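Single-letter residue listing:
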Protein chains: 2
Amino acid sequence: MTENHLVVMAGGVGSRFWPMSTPARPKQFLDIMGVGRTMLQLTVDRFRGVIRPENVWVVTGAQFAELVREQLPEVPADHVVLEPCGRGTAPCICYVSWRIKTENPRANVVVSPADHDIKDLEEFRRIVGEALSFSAETDSIVTLGIKPSRPATGYGYIRADLSFSALRHKGIFRVDAFKEKPDLATAGTYIRQKNYYWNSGIFVWNVSTIVNAFRVYARDISEKFEALQHVYGTPSEQEAIDAMFPTCESISVDYAIMEKAEEVFVCPADFGWSDLGTWGSLYDQLPHDEYGNAIVGNGVRAVETHRCIIHSATEKKIVVQGLEDCIVVENDGNILICRLSEEQRIKSFM
Amino acid sequence: MTENHLVVMAGGVGSRFWPMSTPARPKQFLDIMGVGRTMLQLTVDRFRGVIRPENVWVVTGAQFAELVREQLPEVPADHVVLEPCGRGTAPCICYVSWRIKTENPRANVVVSPADHDIKDLEEFRRIVGEALSFSAETDSIVTLGIKPSRPATGYGYIRADLSFSALRHKGIFRVDAFKEKPDLATAGTYIRQKNYYWNSGIFVWNVSTIVNAFRVYARDISEKFEALQHVYGTPSEQEAIDAMFPTCESISVDYAIMEKAEEVFVCPADFGWSDLGTWGSLYDQLPHDEYGNAIVGNGVRAVETHRCIIHSATEKKIVVQGLEDCIVVENDGNILICRLSEEQRIKSFM
C-alpha cells in the first residue's frame, strides 16, 4: 500500500545565525520565531493531518540525535537517521530513501528542510497533498516552486513550461530548467516572465522513483548505498554507514539529480514561504512594532530604536537605545551587534 | 599617639553603570578597569605605604559586608562598618568617626570614596601625606581639590583664596567658597580664574576635629551618634545603629559641614583624577585602540567600530560591527547598548 512519509533534513550548522545558533544547537533546534516551538518542531507540525508521526523521518548529524529525540518524541527512534558527517543533500537523501524503501518499498515521500517558515498552513497542506497525489500516480520528481514576490538574489529559480501541465493535475508543470542564484538584473527578468519560481528545496516523489534516479544520475553514490542493502534496519547499520558515508562525494540533490533528470515537475505554490537563511529573512518574517523593530525575548526594551532585529533566547534584560537597521542577538551571554546590511559577513566576524 | 587612618565610603549603588553594576554587586565591587582589582581594592591599594591595613575602615551597606570582607581580607573584620540604609555621606562619616574616636581619639583620617580612578599614585601619596601632616598639626578640615583640565559640568567646584596659604604648608590654601555643579558657561569662567578646583570628595582631618564640626554644624546628627557612645565596639552596636540610623536626615557632608565650617582648607592636586561616575568618564580613563574604542573583556571583537566603550565582565564572545559613539555592556547575559551622548538617561531606561 502507498503511504505518505516525511523526511526532514535537519543537519545544518546555522553558522550565519551566531550567537543564537551554535555548533552544539544550530538554528533548527531553536525557537527562533519566539513562538514556543523550534524550527524542527514547526516543520513536523506543518504536516499534521497529511503525514502520520510514525511515518516521519529525520536525517541529522550524529551529535544531534538526542536533540531530535527530545524535540520530536512522537517520531519513532529508529526513524532518526544519523549522518557521521555532512556530505550535502544528495547522499543524505539517497541514504534515507534506502532506509524507507527497506521498510516500505511503495512509500510516497515529501522531503523538507528543517528551517523554513510558512505562513499559510492550509494552502501548504493543499499543495503538498496535490504533489503527493501526483507522485503516487506517476514516476515523477516534483519540487515545490514558490511564486516570487521580489527579485530575490538569494534563491535558485525554477523555470516552468506552463504550456505543459500534468494530466488531471492542472497545477503541476514540467520543469524547463533550474537556474542558480541570479544577480539582481537577471532576477528582475525572471520575475517579469511569470514562469519562474523560487526553488524551495521541498521535494515530493515515490521512494522507488528517487532510488532509480540515483541509479541513473548519481551512479557512484547510488552504488555505495545499494551495497549496504543488507544492513538497513539492523544493528550493524550505523557502523557500516559511519565507515562508508565519508567516502561519498559532497553534492546537493539539485546538482546530482534535479538538473539532470527528465521527468521533473514543479508545483507552483504561494503560501508565504521563507527559508530563514539569514537574520534579514528572519527580520522580514517576524512581526514588527510601530518603529519597525522585530523583537524576540521578554526582557528586551528598545528606546529610540528603528528597524532593528533584537533577539534573545533568554529572559535576560536587554536595553537598546539609539540604534537603527541593526541586528542585536544575545545567547548565553554571547552577543552579536551588526548592521543588517552586513549580515552576509557574520561568519567572517567569528 | 597620632596614627593615620583611612575611611573608604563604599555604599553606592552604581545604578548608572547597569548592567555591569547591579544592586547585588555595585561598581565599587567590580573590576571595571579590567586590571584584575576591583574599585574598592584599588582604592585601598592606593594608600599602601601611607596607611597601615589595620587602620583601614570601610563603610558600606549591610548587604555588602561579605563582599568587603572577601575583597579586603587584610582589613580587620570589625572595621567594616555597616549602614542599615543609605543616608548620604554626613551620617556615614559621623558614624565611622565615632567608631574611630572610640578606638583612637587622636586618629588622623583620610576619607575617600571607593569609585575614583587616580593615575599618578606617587603624586597622590605625596599630596595625601602633605594633607595628613597639616591636619595632624591643626584643627583643620582639608579637602583635596583637583586642578581642572576642562570646564566640567559634572563636578562641584572649590574656590581657594590663593593669597592665604597655610604656615609651613605652602601647597594648602583656605577655601573661599564651595560651588555646586555649574553650567558650561560658568564652568568656563571658573577654569579661567585659576583658583577653582574640582571637589574630589576626598577629605582629611583629625577625628576630634570632624566630631566637633558635627557638634557645631550638624547638631541633630551629632547628638544621635553621641548618644550611642557606650555601644561602639560592643556586641549591641549593630542593633542600636540599625534602630537609630534610619532616623538621620539624608544629607551630604558637603552640605552639612563643609559649606558651613570656618577652618576649611583645600590642597590642590594634579594626579590624574576621575570620579568614574558615568560610562563617559570610564571611557575617558581607559586605554583606547587606534579607532578610539575602549575595550574591557577578552572575548570582544570590534569591526568597523569607532569611539565605543565595550565592556564585558566575562570571557563571553561579543562581536560588534558598525557602531560609533556607543556604550555596549554585557554582564551575566544582561546587555545595554546606548549612545554615549545619552549616558545620563541610563537609569530611566531601566
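The structure under discussion appears in the preceding block.
These lines cover the structure that appears in this document, whether it is placed above or below. (Residues numbered from 1 in each chain as written. Chains lettered and ligands numbered in written order. Predicted model: local features only at pLDDT ≥ 70, side-chain atom pairs only at ≥ 80, totals over all residues. Heavy atoms only, no water.)

### Regarding the environment of T38 of chain B
Residues and elements named next belong to chain B.
Okay, step 1: Here T38 is to be found in the loop between β1 (4–9) and α1 (39–45).
Okay, step 2: Leave out the neighbours within four places in its chain, and T38 touches Q28, F29, L30, D31 and Q71.
Okay, step 3: At 2.8 Å, the side chain of T38 and the side chain of Q71 are in polar contact. (Helix = DSSP H or I, 4+ residues; strand = E, 2+ residues; numbered from the N terminus. Contact = heavy atoms within 4.5 Å. Polar contact = N/O pair within 3.5 Å; in protein donor to acceptor, adjacent residues only side chain to side chain.)

### Focus: the relation of the copies chain B and chain A
The pair of chain copies shares a relation made of a rotation about an axis and a shift along it.
Okay, step 1: Note on the copies: chain B fits chain A at an RMSD of 0.0 Å, the axial shift is 0.0 Å, and the rotation between them is 180 degrees. Expressed as an axis order, the relation between the two copies is that of a two-fold axis. The position closest to the rotation axis in chain B is occupied by the C-alpha of G333 of chain B, lying 2.0 Å away.
Okay, step 2: Comparing contact sets, 100% of the residues at the interface of chain B also lie at the interface in chain A, consistent with an isologous, same-surface contact. (Least-squares fit on C-alpha atoms with pLDDT ≥ 70 in both.)

### A closer look at the sheet that holds strand β12 (residues 294–296) of chain A
Okay, step 1: With mixed pairing, six strands are arranged side by side in an open sheet as β12(A)-β14(A)-β16(A)-β17(A)-β15(B)-β13(B). Two strands bound the open sheet, and with one partner strand each, they are β12 of chain A together with β13 (300–303) of chain B. Pairwise comparison of adjacent strand axes, ignoring direction, gives a mean angle of 5 degrees for this sheet.
Okay, step 2: When β13 of chain B meets strand β15 (residues 318–321) of chain B, the two strands line up parallel, connected through four bridges. What sits directly across from R301 of chain B, in β15 of chain B, is V319 of chain B. (Pairing = 2+ DSSP bridges. Axes fitted to C-alpha atoms, helices over the stretch in contact; angles between N-to-C directions.)

### Things to note about the interface of chain B and chain A
Okay, step 1: Listed as interface residues are 28 residues of chain B and, on the opposing side, 28 residues of chain A.
Okay, step 2: Of all residues in chain B, V319, Q321 and I337 of chain B bury the most surface against chain A, accounting for 27% of the area lost on that side.
Okay, step 3: Counting the contacts that link chain B with chain A gives four salt bridges.
Okay, step 4: When the shortest N-O distance is used, the salt bridge between R345 of chain B and E304 of chain A registers 2.6 Å.
Okay, step 5: Connecting chain B to chain A are 20 residue pairs in polar contact (both at pLDDT 80 or more).
Okay, step 6: Secondary structure elements with two or more residues in the side of chain B that touches chain A: β13, β15, β16 (326–331), β17 (334–339) and α11 (346–349) of chain B. (Buried area = accessible area lost by both parts, 1.4 Å probe. Salt bridge = Lys/Arg side-chain N within 4 Å of Asp/Glu carboxyl O.)

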